[in-house]
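Letter by letter, the chains look like this.
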Amino acid sequence: MKKKLFVFLRPLTGLAAAALLLTACDPDKENTGPSAPTNVVYVVNEGTTNAAVSLYNKADKTVQRDLFAPANSNVPLGPFLQNMAVVDDKGYLVMNGADKVEVVQMHNFQRTATISGLQTPRYFTANGSSKAYVTEWQGAYPNYRAGRVSVVDLGSNTISKRIGVRVNPEQMLLLNNKLYVTNSYSDSLAVINAGTDVLESYIALPSGSKGIVRDAAGNIWVLCSEYGDPQDYLVRFNPATPTQQVRIAFDNDYQNGNLRTNEAGNKIYVSLGSGTYELTPTATALPATPLIRRNFYGLGIDPTDNTIYGGTASFSGDAKVYRYTSTGAVIDSFRVGVAPNSFLFR
Amino acid sequence: MQWFVCWMRRPGPLALGLGLCCACSAPALAQQPTRPDTLTKQTHLLPTVEVAGSRPSRFAIGTRVLALDSAALSQFRSATVADALAARTPIYFKNYGAGQLASVSIRGTSARHTAVLWNGFNINFSSLGESDFSLFPVNAATTVQLQPGPGSALYGTGAVGGAVLLSGQPRFGGGLRASLQADAGSFGLAAGSAELSYGTERLALRSSGLYRTAQNDFPLPEVYGAGLRQENAAFTQWSFSQDARLRLGQGGQLALAAWLTGADRQIQPSLGAANRHGRETDRSTRLLAEYRQVQGRYEGSVRAAWLLDQLVYGDDTLAPGASDLQTSQAQTEHTLNITPQLSLRLGAEVQHFVATVENGYDGRVSENRYAAFGLLRYDPWPRLRLSANVRQAFVPGQRPPLAPTLGAEWDVLLTDEAAPAALRQRLSLKANAARSYRAPTLNERYWNPGGRPDLLPETGEGYELGLQHELKLADRWQWRSELTAYQQLVDNWVQWLPGRGGIYTPQNLRLVRTRGLEASTALDWQGRGYRAAARASYAYTLAQKQQGYAADPDPVGSQLAYVPEHTATLSTEHTWREYWLLSAASSLSSFRYTSASASEFLPGYFLLQASAGRHFTVAGLRLTLLAQGFNLTNTRYQTYAARAMPPRSAVLSLRLAWR
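Rules used in this analysis
Residues numbered from 1 in each chain as written. Chains lettered and ligands numbered in written order. Predicted model: local features only at pLDDT ≥ 70, side-chain atom pairs only at ≥ 80, totals over all residues. Helix = DSSP H or I, 4+ residues; strand = E, 2+ residues; numbered from the N terminus. Buried ≥ 20, exposed ≤ 12 C-beta atoms within 10 Å, placed from the backbone. Contact = placed C-beta atoms within 7 Å. Core = buried A, V, L, I, M, F, W, Y, C linked by C-beta atoms within 7 Å. Pairing = 2+ DSSP bridges. pLDDT = per-residue confidence, 0-100. Axes fitted to C-alpha atoms, helices over the stretch in contact; angles between N-to-C directions. Nonpolar A, V, L, I, M, F, W, Y, C, P; charged D, E, K, R; others polar.

1. Quick look at the overall build of chain B
Working step 1: The helix and strand inventory of chain B stands at 5 helices and 32 strands.
Working step 2: Oriented by its inertia axes, the alpha-carbon framework of chain B measures out at about 75 × 55 × 45 Å.
Working step 3: In chain B, buried positions account for 49% of the 659 residues.
Working step 4: Counted over contacts in chain B with a minimum sequence separation of 6, partners at least 24 positions apart contribute 64%.

What follows is the structure, encoded as structure tokens:
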């Protein structure tokens, strides 16, 4: 028996030695490391005690419920993942409940750094590869104070500047070197010069705003939905003439109200309590019937094929994501984590 | 330290004509040798007449009642009811950290399905319909009883999964007794407590006080960062109780009780969350007055209570908001012992709620609720005991369903009392069927926005069947076992869901079925100068949603969150010559899902605690030195997702007792 073992071992040791020799001369592994998966959808799940980023593979329709914990010694993300953004090969996870932004490598989702010094951060918008903006709420319910936008240096992962805006800032839009910041409890949009990071002006709106996108014509759309107000609005204006606004009014329902566009910018989507509506860039009213008779807590439009992804508002257990064609016909569904609020497509 | 599984509810010599406190006097009447209190050298006789302060469990035939009397509670003198019940019973507590909110789950139901009664009055927060068990220091109570299963007929709203009965009963006779205790323990725990009692034939007084504080800066699991300690989990808690009983004339008794508690707690942040410096202040005042009269076959009582609960919570993102809950309750009961085998009790209850919740209700909310009940106990033969109870509650705008209960106990095997046998046995079969209800809480009715005064009450239909066995050998060995199987269907289970405008409203959403098995056994051995006891309990619980309305997102057929399928406890106690005392207790819980979709779970855990004590006698005082170790296996566990629990810890206590 022993002899047989040795006979078996000899070629193996030879191979091992050969492998060692080869790998020892390998160039630095970092540049040729595994790349981030493609043809996938990242689902941002807010969670209640523990948030999760789920991965949906479009090719084989498999779902990995939690990318972060298995890659980071089984330590889960923590409470309330509000937003996720990708800059180059790094993912930035805004942890509203943990007062920080976790920086992960997209190919293996391992955490490499943490941006701290934030207070109840909400959304993250990058300006190139060197800096980014994070909106933060200040104060305590029901007496919130004016919030702020922190400028983060992505090289050192530290905060370089803080810009004061109005109460409870939410999503932002970077357009033509200007950063437009929505303020959900104040009736105005803050405009910041993205080169100098200085607040320039405020654009008056009918009520507090949460979502902001640009369409194919270069116009800016803002979703105004403030808790307790009787009316919600979709406001559209040309950035050159911000006071000339088209305002589409409808009943307030404060149901997250995802405002999204497709890749081309010729279709604008908003998810309200009565359903998910599709508007054209020149619309002056909400369509009579919604495209999909369903409200979604998270909404995303796939840039490759315009498939609509909608996540349900489930907080007591795992939620479902439904997929629809661009004409509103349901395709299929899959399960993700708790409270999916947005999608990233790669 | 004794743990009684109480099933004896014999009518006893009804010439005394008073309801009997199950845990205390039944054994005395059955002519057993009085058990010496392990804490005092002097044995004392239990009085022949004992007036019950709580709803008499003699009408709770067919259910099981687990009672922890003052001897069993003595180990938890500076701890809370949550600690005592978690160590001695297989019920599950969700602890949001050390000394934090302890939320009970009996037989797979939630915290609002357990009614907590203090001397017969429901003391759950009227806003939430729940209690925080870590706000109940054990010091104030002389008996803690747990009755699992539906018991609305006896205990009113909320007794769907079970009821926990707290009572503080001073003893008549015995003169003046006092004891003092000081504790020091890990993570900055320090506590001081005192108990004073005075009893003559006509007057019984008991005062107790407790003050405890802890820093709770225990080390966190290494994965969250090397050398990190728990932040913002310190607390200070105090309690004062005063009970008085005065016998008036022939068969009359006046009782007064007061229980004041206060707690200032920092709210432990969950693992991975930012420290928002959450802070909660709780103040509770409970006052009670009762007059009881016994006249031949008639017993009557009139009682009133006033409860005040004040809570203030705030943190960095939520401005402090106060809740002020005032409840006045009055009850009257009239019992007619028609024959020694037949008793009828009729009663009524009135509750007046006044509540103010900042950032919650629209101004001050007030409500009156009423209930009427009838209880019947009939023993057609000495070996067969039957009870039939019914209660009807009235809530403004609606009427919860009638809650009837039927129970039966039959002694299949019973050693004849007259026979001179060294071995005495009893085997009983018991069965119980009950309808229970949970009236909507003030939050569910009046929360602004979202509250619904038209919300229906939850109702439960439960059945249980069990066997009890007791064996006594030559006054030396005693072995008691019990096995119960149960099933309950809870309908109109309420959950808050986001509705129109994103506003959360409570909805009657689903049908939940819980069923399971509970088994327990206790072995006591008494020798010359040595006493030993071993107890084990096991519970198997299956709680699943059966059906739900379309708006209900939770899946059907999977175990509910935070309901472990298996829980077990095992404990043992030894005392030598009244000098040495050694005990160990362990508990085991299987995994628990952390959400309704049964995808994530907390792993099962095993906890071990042990204590060693020595009694000394110095100048007429009895001195006890007790060392207790908790979580001896240093298990890292959580009972609620992401809330760290302390690792191994120890407490040293010094107790001085006079008589």
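2. Side note on the overall build of chain A
Working step 1: Summing up its helical and strand segments, chain A has 2 helices and 27 strands in all.
Working step 2: Taken along its principal axes, the extent of the C-alpha atoms in chain A is 90 × 45 × 35 Å.
Working step 3: Counting the 346 residues in chain A, one finds 41% classified as buried.
Working step 4: In chain A, of all internal contacts separated by at least 6 residues, the share reaching a separation of at least 24 is 40%.

3. Considerations on the nonpolar core
Side chains that are nonpolar tend, in soluble globular proteins, to be buried together.
Working step 1: Among the nonpolar cores identified, the biggest contains 95 residues, and Val81(B), Ala84(B), Leu117(B), Val144(B) and Leu166(B) are the most heavily contacted of them.
Working step 2: With 6 residues, the top contributor of residues to this core is helix α3 (residues 81-88) of chain B.
Working step 3: In terms of nonpolar packing, the next biggest core, distinct from the first, is built from 73 residues, Ile115(A), Leu223(A), Ile268(A) and Tyr309(A) among them.

4. Quick notes on the pairing of strand β24 (residues 308-311) of chain A
Residues and elements named next belong to chain A.
Working step 1: Judged by which residues are buried, β24 turns out to be covered on both faces: Ile308 and Gly310 on one side and Tyr309 and Gly311 on the other are all buried.
Working step 2: Here strand β23 (residues 298-301) pairs with β24 via 4 bridges, running antiparallel. Counted as the bridge partner of leucine 299 is glycine 310 from β24.
Working step 3: Joining the antiparallel neighbours β23 and β24 is a turn of 6 residues, in which asparagine 306 adopts a positive phi near 60°.

5. Some points on the confidence of the model for chain B
All names here are of chain B.
Working step 1: The share of residues in chain B with pLDDT of 70 or more is 91%, and the mean pLDDT across the chain is 87.
Working step 2: Looking at the elements of chain B, mean pLDDT is at its lowest for helix α1 (residues 22-29), recorded as 30, and at its highest for strand β13 (residues 252-266), recorded as 96.
Working step 3: Residue range residues 1-55 is modelled with pLDDT below 50. Its contacts to residues more than four positions away, or to other chains, number 121 contacts.

6. Points about the sheet that holds strand β2 (residues 52-57) of chain A
Working step 1: As summarised here, the arrangement of the 4 strands in space is β3-β2-β1-β27 (chain A), forming an open sheet in which the pairing is antiparallel. Among the strands making up the open sheet, the edge pair consists of β3 (63-64) and β27 (340-345) of chain A.

7. Side note on the sheet that holds strand β14 (residues 188-193) of chain A
Residue and element names in this part refer to chain A.
Working step 1: Strand order in this open sheet of 4 strands is β12-β13-β14-β15, and the pairing throughout is antiparallel. If you trace the sheet from one side to the other, it starts and ends with β12 (169-175) and β15 (198-204), each paired once. Across this sheet, the average inter-strand angle for adjacent strands is 25°, counted without regard to direction.
Working step 2: Pairing of β12 with strand β13 (residues 178-183) involves 5 bridges; the strand directions are antiparallel. Within β13, the position partnered with proline 169 by the bridge is asparagine 183.

8. Topic: unusual backbone geometry
Working step 1: With omega at -5°, the peptide bond leading from Tyr141(A) into Pro142(A) counts as cis.
Working step 2: Mapped onto the fold, Pro142(A) is located in the loop between β9 (131-140) and β10 (143-153).
Working step 3: Here the amide bond leading from Asn448(B) into Pro449(B) is cis, since omega sits at 0°, within 30 degrees of zero.
Working step 4: Phi at Thr120(A) takes a positive value of approximately 40°, unusual for a residue other than glycine.
Working step 5: Positionally, Thr120(A) belongs in the loop between β7 (111-115) and β8 (121-127).

9. Description of the confidence of the model for chain A
Residue and element names in this part refer to chain A.
Working step 1: Across chain A, pLDDT averages 89, with 90% of residues at or above 70.
Working step 2: For residues 1-6, every residue scores under 50 in pLDDT, and the model assigns this stretch 0 contacts once sequence neighbours within four places are set aside.
Working step 3: In the model, residues 18-32 has pLDDT below 50 throughout and makes 0 contacts with residues more than four positions away in sequence or in other chains.

10. Some points on the interface of chain A and chain B
Working step 1: Listed per partner, the contact involves 28 residues of chain A and 25 residues of chain B.
Working step 2: Taken together, the residues of the side of chain A that touches chain B sort by class into 10 nonpolar, 14 polar and 4 charged.

11. Concerning α3(B)
Working step 1: Burial within α3(B) is extensive, with 8 of its 8 residues counted as buried.
Working step 2: For α3(B), the set of buried residues is Val81(B), Ala82(B), Asp83(B), Ala84(B), Leu85(B), Ala86(B), Ala87(B) and Arg88(B).

12. Section: the pairing of strand β22 (residues 458-473) of chain B
Residues and elements named next belong to chain B.
Working step 1: Note that strand β21 (residues 423-438) and β22 share 16 bridges and pair antiparallel. When the bridges of β22 are listed, asparagine 432 appears paired with glutamate 464.
Working step 2: Remark: 3 residues form the turn of the hairpin made by β22 and strand β23 (residues 477-498), two consecutive strands paired antiparallel; alanine 474 in that turn has positive phi of roughly 50°.

13. What to know about the environment of Glu470(B)
Residue and element names in this part refer to chain B.
Working step 1: One can find glutamate 470 in strand β22.
Working step 2: The class of glutamate 470 is buried, set by 20 C-beta atoms lying within 10 Å.
Working step 3: Spatially, the C-alpha atoms of glutamate 470 and arginine 424 are 8.0 Å apart, while their sequence positions differ by 46 residues.
Working step 4: Dropping the residues within four chain positions of it, glutamate 470 is found in contact with Gln425, Arg426 and Arg480.

14. Some points on the environment of Lys94(B)
Working step 1: Take Lys94(B): it is sitting in strand β3 (residues 92-95).
Working step 2: Separated by 469 residues in sequence, Lys94(B) and Val563(B) place their C-alpha atoms 9.7 Å apart.

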